[in-house]
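# Examination of the molecular architecture
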Amino acid sequence: MSDEFDDSTEEVAPSGNIAIPAITAVVVFAIGLLAGGVLAYSFTAPKEVEVEVKVELTAEELAEACGPLIAEAATNLDEAEAKVDTLEQRVLDKEKQVSDMESEMSARAARGAAMASELEDARAELDALRIALANAVEEKAVLEIELSETKEELVVQKKRTRLAKEDALLHKWKSFVGQAKIDICDRGNRRKLGRCRETIDEHVNEELKERFDHCVRSGQSVPTIRMAENRESLPAYAEYLNQESRITRDWYVLLCDPTLPEAKDFAE
């Protein structure tokens, strides 16, 4: 019995030795493929790029942000003006004092020691006051420039905001016209589709654009084009497109209250 078990062991051992290297090679090959794929992806995978979006402030936000700066600049300018006025008066007073003392000394035809000392002190004070006045005038001029620049920057920012809103308004109008063409011209062959779009351009015109712009500028809902379900009653401020055209028949524009005022940003 022992010889039979020994023979079977000898036959199995060689096959086991051959299978292990084969399996090892397969495993190593798979690991290599996986590592190569990871490295390739790390070089080719798109990297996310953070894009900083600049947010434009509204005119109200600009005014609120710049208001304290303008107020502070105006306060500093008022203080500088008061300082200049005070120094100018002190210079005038000191000049009069010096002039009086010089006249008195000339009248006496003598230079008393005490009088001469007082005169020199007065002249020194006058020189110091003149220097202080010159500095105050220069400071006032700088503050005036800063205040003017702050106001001009606020005006520029308001103009940029207004132009941005007008640009957004134009995009809304183009989107409105495009959506009308999609809604109304969604059926028909290519030739009929082209004619439908031309018809929309004819009736969705500048006159309608003025009323469209008013709705947006007054902060009301953006107008839309809809198909009438009941011809006998339309919503308030709605009006039909050309009902003589088969293309636009039963279609109407839902506008807004024309009596409401436009926002201040669009008023200029």
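Quick summary incoming for the structure in this document. Computed from a prediction, not measured in an experiment: that's the story for all the values here.

Definitions and limits used
Residues numbered from 1 in each chain as written. Predicted model: local features only at pLDDT ≥ 70, side-chain atom pairs only at ≥ 80, totals over all residues. Heavy atoms only, no water. Helix = DSSP H or I, 4+ residues; strand = E, 2+ residues; numbered from the N terminus. Buried < 20%, exposed > 50% of the residue type's maximum accessible area, 1.4 Å probe, protein only. Areas by Shrake-Rupley, 256 points an atom, 1.4 Å probe, with all protein chains shown as cover. Core = buried A, V, L, I, M, F, W, Y, C linked by side-chain atoms within 4.5 Å. Contact = heavy atoms within 4.5 Å. Phe/Tyr/Trp six-rings, centres within 6.5 Å; stacked < 30°, edge-to-face > 60°. Disulfide = S-S within 2.5 Å. Expected span 1.5 Å × (residues − 1). Pairing = 2+ DSSP bridges. Axes fitted to C-alpha atoms, helices over the stretch in contact; angles between N-to-C directions. Polar contact = N/O pair within 3.5 Å; in protein donor to acceptor, adjacent residues only side chain to side chain. Salt bridge = Lys/Arg side-chain N within 4 Å of Asp/Glu carboxyl O.

It is worth spelling out the overall build of the protein at this point. Check the secondary structure of the protein and you find 6 helices and 3 strands. Taken from N to C terminus, the helices and strands of the protein fall in the order α-α-α-α-α-β-β-β-α. Expressed as a percentage of its 268 residues, the buried residues of the protein come to 24%. With an accessible surface of roughly 19500 Å², the protein has 56% of that area assigned to carbon and sulfur atoms.

If you look at the biggest cluster of nonpolar residues, it comprises 20 residues, and the most contacted ones within it are F176, I184, V204 and I225. For this core, the secondary structure elements donating two or more residues are α3 (113-184), α4 (190-203), α5 (206-217) and β3 (251-254). By residue number, the principal contributor to this core is α3, which donates 6 residues. Setting aside residues no more than four positions away along its own chain, I225 makes contact with F176, A180, D183, I184, V204, L241, W251, Y252 and V253. Formed by 12 residues, the second largest nonpolar core is a distinct cluster that contains V84, V98, L133 and A136.

Here the structure, examined in full by the defined rule, presents 4 aromatic pairs. Ring centres of Y240 and Y252 lie 6.3 Å apart, and the angle between their planes is 80°; this geometry places the pair in the edge-to-face category. On the criterion of sequence distance, the pair formed by Y240 in strand β2 (residues 238-240) and Y252 in strand β3 is long-range, its members being 12 residues apart. By way of ring pairs, the aromatic residues W173, F176 and F212 are connected into one cluster.

Summed over all chains, the structure comprises 2 disulfides. The disulfide that involves C185 links it to C196, with 1.7 Å between the sulfurs. Judged by the torsion about the S-S bond (-80°), the C185/C196 disulfide is left-handed. Of the two residues, C185 sits in the loop between α3 and α4 while C196 sits in helix α4, which places them 11 residues apart along the sequence. Take C185 and C196: they sit in the same class, and that class is buried. One disulfide bridge connects C215 with C256, the sulfur atoms lying 2.0 Å from each other. Across the S-S bond of C215 and C256 the torsion is about -100°, and the bridge reads as left-handed.

So, about α5. Across its 12 residues, α5 extends 16 Å between first and last C-alpha, which sits within 8% of the 16 Å expected from 1.5 Å per residue. Buried residues of α5: L208, K209, F212, D213, H214, C215 and V216, and no others. Count one or two residues on from α5 and you reach G219, which has phi positive near 80°.

Read from one edge of the open sheet, 3 strands run β1-β3-β2, paired in antiparallel fashion. Strand pairing shows two members of the sheet lacking a second neighbour, β1 (224-227) and β2, which therefore form its edges. Averaged over all pairs of adjacent strands, the angle between their axes in this sheet comes to 30°, without regard to strand direction. Taken together, the 3 bridges between β2 and β3 define a ladder with antiparallel strand orientation. Bridging across to β3, A238 finds its partner in L254.

On to the side chain of T248. Within the secondary structure, T248 is located in the loop between β2 and β3. Note on T248: relative accessible area 0%, which makes it buried. A distance of 2.4 Å separates a polar side-chain atom of T248 from the backbone oxygen of N242. If we skip the residues at most four places from it in the chain, T248 touches T199, I200, H203, L241, N242 and Q243.

This part is about the environment of H214. Take H214: it is sitting in helix α5. Residue class for H214 comes out buried when judged on its relative accessible area of 15%. Sequence separation of H214 and P261 is 47 residues, and the distance between their C-alpha atoms is 8.5 Å. With residues near it in sequence (within four places) discarded, H214 still touches Q220, C256, D257, P258, L260 and E262.

Scanning the entire structure with this criterion turns up 10 salt bridges. The salt bridge partner of E166 is R217, with a shortest N-O separation of 3.0 Å. On the criterion of sequence distance, the pair formed by E166 in helix α3 and R217 in helix α5 is long-range, its members being 51 residues apart. As a salt-bridge pair, E198 and R195 come within 3.5 Å of each other at their nearest N and O atoms. Pair noted here: E198 and R195 are both in helix α4, with a separation of 3 residues, about one helical turn. What emerges from the salt-bridge pattern is a single network uniting R195, E198 and E202.

Function-wise, these values are silent; they only describe arrangement.
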